[in-house]
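Descriptive analysis of the structure
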Amino acid sequence: DAKTTQPPSMDCAEGRAANLPCNHSTISGNEYVYWYRQIHSQGPQYIIHGLKNNETNEMASLIITEDRKSSTLILPHATLRDTAVYYCISSGNTPLVFGKGTRLSVIA
Amino acid sequence: NAGVMQNPRHLVRRRGQEARLRCSPMKGHSHVYWYRQLPEEGLKFMVYLQKENIIDESGMPKERFSAEFPKEGPSILRIQQVVRGDSAAYFCASSPNRQTAGNTIYFGEGSWLTVV
């Protein structure tokens, strides 16, 4: 079973920042937080991952709380093409376990 | 660099036939993972392989399903005597090294199996 909790769905206006929360209160010391997304009928796409420091790349930013029990994925300027299911995963040495994710709808 | 390549993208089989799904990992990757996604459900881990070695098959159904990753050639997920409940999208992912904390795996575009 997935060890993370995410809201089932969210809406975001096009051009605004999308902030997707994730709870991982049972995360252990060596486990990273990963984010993937899946656009309809496509394979999961890696977005970003981190251990305890905030991370940023060309796609998104990942903010991890100091106690590591939750994190937020930020898409700074959401576009219609960002409409997808977003998965937050905490994992160490085992294959990634996907939960139900958050269905993000970007609205024009 | 080519990504993870899966074929066929779409496969139709009659009940009782065999289905073979192939996965070529990214260049330089020697570890392969197979996931299954049933309609309207999440991705479920099936099996994790290194070349010539199954590392973790805890998610594989006990019967009819097998996987291999030979020294040469793609990884193969084989489903014998398919039933309608096997209709799903099968995704392959790869990584350069053994699954450890901080490693990233990259997915292919999937193979959609329809059993009629």
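That block above? That's the structure.
The following paragraphs examine the structure supplied in this document. (Residues numbered from 1 in each chain as written. Chains lettered and ligands numbered in written order. Predicted model: local features only at pLDDT ≥ 70, side-chain atom pairs only at ≥ 80, totals over all residues. Heavy atoms only, no water.)

1. A word on the state of the cysteines
- For the structure shown, the criterion picks out two disulfides over all chains.
- At a sulfur-sulfur separation of 2.1 Å, the disulfide partner of C22 of chain A is C88 of chain A. Around the S-S axis, the bridge from C22 of chain A to C88 of chain A shows a dihedral of about -80 degrees and counts as left-handed. Within this pair, whereas C22 of chain A is found in strand β2 (residues 18-23), its partner C88 of chain A is found in strand β8 (residues 84-91), the two being separated by 66 residues in sequence.
- Accessibility expressed as a relative area gives 2% for C22 of chain A, which makes it buried.
- Judged by its relative accessible area of 1%, C88 of chain A falls in the buried class.
- With its sulfur 1.8 Å from that of its partner, C23 of chain B forms a disulfide with C92 of chain B. Looking down the S-S bond of the C23 of chain B and C92 of chain B bridge, the torsion is -60 degrees, so its handedness is left-handed. On the criterion of sequence distance, the pair formed by C23 of chain B in strand β3 (residues 19-24) and C92 of chain B in strand β9 (residues 88-95) is long-range, its members being 69 residues apart. (Disulfide = S-S within 2.5 Å. Helix = DSSP H or I, 4+ residues; strand = E, 2+ residues; numbered from the N terminus. Buried < 20%, exposed > 50% of the residue type's maximum accessible area, 1.4 Å probe, protein only.)

2. Digging into the side chain of R36 of chain B
- Tracing the backbone through its elements, the reader meets R36 of chain B in strand β4 (residues 31-37).
- For R36 of chain B, the contacting residues outside a window of four places in its chain are G42, L43, K44, M46, P61, F65, D86, A88, A89 and Y90 of chain B. (Contact = heavy atoms within 4.5 Å.)

3. Examining the pairing of strand β7 (residues 70-75) of chain A
Residue and element names in this part refer to chain A.
- By the alternation rule, side chains of β7 split into S71, L73 and L75, which are all buried, and S70, T72 and I74, of which none is buried.
- Sheet topology places β2 next to β7; six bridges connect them, and they run antiparallel. Within β7, the residue paired with C22 across the bridge is S71.
- Relative to β7, strand β6 (residues 61-64) runs antiparallel, the two sharing four bridges. (Pairing = 2+ DSSP bridges.)

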